Amino acid sequence: MNHLDNLSDIDAANVVRCARTLLRRPLLRSDGPDGELLSLVYRHRAVLQDLFAGLLGYRLVVERRFARLYKSGPGHDDTRGVLSMSPRGYAYLALTLAVLTGIGRQTLLSRLVADIRSAAVEAGIDAPDDVTERRALTAALRHLVSLGVLQETEGSVAQDVTPQEALITIDTDLLGQLVTGPVGEAQSPAHLVELAARPGPRGIEHAVRRKLVETPLVLYADLPDDQAEWLRRNQRKETALLEQAFGLYTECRVEGVLAADPEDFLTDLSFPGVSTVARIALLALPDLVEDESEDPPARHVVAAERIREVCAGLVEDYPAAWSKQFTDDLDRLVAEVTELLRRMGLAVPCEDGWSISAAAHRWLPSPDGDPEREQPEPVVVPEVPSWSLFDEENVS
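As the structure is a prediction and not an experimental result, all values here were calculated from the model.

### A look at the overall build of the protein chain
Within the protein chain one finds 15 helices and 12 strands. Sorting the 396 residues of the protein chain into buried and exposed places 43% on the buried side. Intrachain contacts of the protein chain at a sequence separation of at least 6 include 62% that bridge at least 24 residues. When the accessible area of the protein chain is evaluated, it comes to approximately 22400 Å², of which 51% is carbon and sulfur surface.

If you want it as structure tokens, here you go:
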């Protein structure tokens, strides 16, 4: 099934561009990032709706002002969340959405916050008015501002969590399109997570293809047996399909399939990076993926103490290379390094520590210098003259 066969080369390229943009920005609006493409999405809406429904089992709603791609939920995988949002922030986001459904088109920020706290009490959630809670609530409100659901008509939702008054306008059209999970069917929060992550109409086909599109790495060891068998049988077909429909290049290995975007547009987390955490995570990989067996597994276990030891060694070896906030707090550094590897799909927590993916071999670095602590003291060698004043000279 090819949704692009009947299109001209130009139209096919535009559909792929729109599809990639919608994968990156499932809520695309005219006044938001990449909003200039909304008219193109509207023009090709029928083809895009068929493409997403057929290939991924996703529903696409396209209006003049916005387009909304309804993806499946991540289930228990929390690596697809918004980087700036903590679990507490997500709790406030859910409370805010519940409050906004009955608050009208405009409200004062102070009233909105008061209603959110009242909703928390009603839901049996402790919501003290302290700095940590205000930061989490602010993150939820700022996220809704970034989506265009909340508009700061007068004043603003302060970034520094300092209480300030503001007049907030609610875009009720966008608000109605925000929630993707079947809230009315759910009997509990856990049930909602389960329902939102259900596979598409084509079962295994949609479930596996969604994994390939939404995550950079899919290991056979992480898939149920039926899904792993389906992917092994359909590797070549899926490779061509993902490249043609979404511009993704795939690499098939014994352990699984990696789908990469050569333009880095579809990723929300780049690796390696320039920060202290990203560079230490990169330099730690050679020691974390050591496996002398002839047939190394798709994942192998590394003790948490070993990760801490490797990070400590890198801090000691290259003391001038890192941010002081991390060299002074090794616990924080180790926590952020393992979290980065986890979000990249390179590490998964397990009972004995961390399970490191064989895909980490793709990034094994080669340091361009010796560790500073191991550099020997310079040896001063006295210069030996190549000639002497007493050398025999030819005197004419």
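There is more to say, and it comes next.
### With respect to the sheet that holds strand β1 (residues 27-29)
The strands that make up a sheet are held in pairs by hydrogen bonds between backbone atoms, and each pair lies either parallel or antiparallel. Spatially, three strands are ordered β1-β3-β2 in an open sheet, and the strand pairing comes out antiparallel. The two strands at the open ends of the sheet, each matched to only one other strand, are β1 and β2 (59-62). For this sheet, the mean angle separating the axes of adjacent strands, direction not counted, is 10°. Pairing of β2 with strand β3 (residues 66-70), which is carried by four bridges, proceeds in the antiparallel orientation. Among the inter-strand pairings, Val 62 is bridged to a residue of β3, identified as Ala 67.

### Looking at the packing of aromatic side chains
When we look at a pair of aromatic rings, we describe it by the centre distance and by the angle of the planes. Applying the stated criterion across every chain, the model contains one aromatic pair. Ring centres of Phe 52 and Phe 246 lie 6.1 Å apart, and the angle between their planes is 35°; on these two criteria the pair is classed as tilted. Here Phe 246 lies in helix α11 (residues 235-246) and Phe 52 lies in helix α3 (residues 45-55), a separation of 194 residues in the sequence. Comparing Phe 52 with Phe 246 shows no difference in burial state: the two are buried. Above the face of the Tyr 70 ring, Arg 59 is positioned so that its terminal group lies 4.2 Å from the ring centre.

### A word on the side chain of Ser 72
Assignment of secondary structure puts Ser 72 in the loop between β3 and α4 (87-100). Not counting the four nearest positions on each side in its chain, Ser 72 is found in contact with Tyr 58, Arg 80, Ala 196, Arg 198 and Arg 210.

### A look at the sheet that holds strand β9 (residues 256-260)
The strand order β7-β9-β8 describes an open sheet built from three strands, whose pairing is antiparallel. Only two strands of the sheet have a single partner each, and these edge strands are β7 (217-219) and β8 (249-252). Strand-to-strand, the axes of this sheet are offset by a mean angle of 15°, without reference to chain direction. Sheet topology note: the β8/β9 ladder contains four bridges and is antiparallel. Bridge pairing in β9 places Thr 250 opposite Ala 259.

### Quick notes on the pattern of salt bridges
Scanning the model with the defined rule gives 25 salt bridges in all. Residue Arg 25 is joined to Asp 34 by a salt bridge in which the shortest nitrogen-to-oxygen separation is 2.5 Å. The partner of Glu 238 in a salt bridge is Arg 209, with the nearest N and O atoms 2.8 Å apart. Pair noted here: Glu 238 is in helix α11 and Arg 209 is in helix α9 (residues 204-214), with a separation of 29 residues, a long-range link.

### Quick notes on the nonpolar core
Ranked by internal contacts, the top residues of the largest apolar core, which has 39 residues, are Leu 22, Leu 48, Phe 52, Leu 231 and Phe 246. Among the elements of the structure, α1 (9-24), α2 (38-43), α3, β2, β3, α9, α10 (225-233) and α11 are those that each provide at least two residues to this core. For this core, the leading source of residues is α1, giving seven residues. Leave out the neighbours within four places in its chain, and Leu 231 touches Val 208, Leu 212, Val 218, Tyr 220, Leu 223 and Val 257.

### Details of the packing of α4 against helix α6 (residues 131-147)
Their axes nearest at 8 Å, the elements α4 and α6 cross at an angle of 60°. The angle between the axes of α4 and α6 places the two elements in the oblique class. In this structure, α4 crosses over α6, and the sense of that crossing is right-handed. Mapping the contact onto sequence places Arg 88, Gly 89, Tyr 92, Leu 93, Thr 96, Leu 97 and Leu 100 in α4 and Glu 133, Ala 136, Leu 137, Ala 140, Leu 141, His 143 and Leu 144 in α6.

Thresholds applied
Residues numbered from 1 in each chain as written. Predicted model: local features only at pLDDT ≥ 70, side-chain atom pairs only at ≥ 80, totals over all residues. Heavy atoms only, no water. Helix = DSSP H or I, 4+ residues; strand = E, 2+ residues; numbered from the N terminus. Buried < 20%, exposed > 50% of the residue type's maximum accessible area, 1.4 Å probe, protein only. Contact = heavy atoms within 4.5 Å. Areas by Shrake-Rupley, 256 points an atom, 1.4 Å probe, with all protein chains shown as cover. Pairing = 2+ DSSP bridges. Axes fitted to C-alpha atoms, helices over the stretch in contact; angles between N-to-C directions. Phe/Tyr/Trp six-rings, centres within 6.5 Å; stacked < 30°, edge-to-face > 60°. Lys NZ or Arg CZ within 6 Å of the ring centre and 35° of its normal. Salt bridge = Lys/Arg side-chain N within 4 Å of Asp/Glu carboxyl O. Core = buried A, V, L, I, M, F, W, Y, C linked by side-chain atoms within 4.5 Å. Parallel < 35°, antiparallel > 145°, perpendicular 65-115°, else oblique. Left-handed = near helix turned anticlockwise from the far one by under 90°.

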